[in-house]
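Structural overview for review
Next come the chains, spelled out residue by residue.
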Amino acid sequence: MRLIDKLIFGLSLIIALQVPQLADHYQQFIFGLYQATHAQVLGYQQTARLHEYEDVNAMIAHHLQNDVKSVRTDAQQKLDTLALHQSLIELNQVFETGNLIEKAYTMLQPAHFSYLEKTLTHFTLGVPLSANAIGFSVVFALLLNLVITSPVLLFTYVRKRRQRAHALMPSKEKHD
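Quick notes on the rules
Residues numbered from 1 in each chain as written. Predicted model: local features only at pLDDT ≥ 70, side-chain atom pairs only at ≥ 80, totals over all residues. Heavy atoms only, no water. Helix = DSSP H or I, 4+ residues; strand = E, 2+ residues; numbered from the N terminus. Buried < 20%, exposed > 50% of the residue type's maximum accessible area, 1.4 Å probe, protein only. Phe/Tyr/Trp six-rings, centres within 6.5 Å; stacked < 30°, edge-to-face > 60°.

What follows is about the environment of alanine 58. The topology assignment puts alanine 58 in helix 2 (residues 56–64). Taking the relative accessible area as the measure of exposure, alanine 58 reaches 27% and is therefore partly exposed. Expressed as a C-alpha distance, the spacing of alanine 58 and phenylalanine 140, which sit 82 residues apart in the sequence, is 49 Å.

This part takes up the packing of aromatic side chains. As enumerated under the stated definition, the model contains three aromatic pairs in all. Between phenylalanine 29 and tyrosine 115, the ring centres sit 6.0 Å apart and the planes meet at 50°, which makes this aromatic pair tilted. Here phenylalanine 29, found in helix 1 (residues 2–50), pairs with tyrosine 115, found in helix 5 (residues 113–121); they are 86 residues apart in sequence, far enough to count as distant. Look at phenylalanine 31 and tyrosine 34: their rings are 6.0 Å apart centre to centre, the planes differ by 35°, and that puts the pair in the tilted class. Residue phenylalanine 31 and its partner tyrosine 34 are both found in helix 1; the two are separated by three residues, about one turn of the helix. Take tyrosine 34: its relative accessible area is 16%, and that puts it in the buried class.

The next point concerns unusual backbone geometry. Even without a glycine there, the phi angle at glutamate 52 is positive, about 60°. Within the element layout of this structure, glutamate 52 appears in the loop between helix 1 and helix 2.

Structure, rendered in structure tokens:
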């Protein structure tokens, strides 16, 4: 059992050490996507000013009412890009100011899962160099190890107690 316990802890530690690395890669991916959408949004703002709209939303609202279907479709795409841009601003804020648990929780949200999949395609295993990342990994591995092995340890403990109690019984009660 001790060997299995050590193997589980070792595997948990290796997995936990990857979380900070993955969070860094994820943050880089999100920031790159943000930069691309930010450039688009700046272009929309410049176009809105050039054509004397109050702001981008006013331009898009006007285009959504246009008779030409392609103009309406383009306006909807711009709305989608603005929404994506806003969500990326919020994601970047989490990754700039949040702790590792908040980052991990954010990465695992179903709404952001496609970003995680794209990040994982280029992810390589590594060891984090910061004390916080290593500390998180050790604590996470210990907790995961405890969760995985505690039912087995409890079962073993209860079984041994029963065997001891059974061994201490007088022989007549054992056979009844």
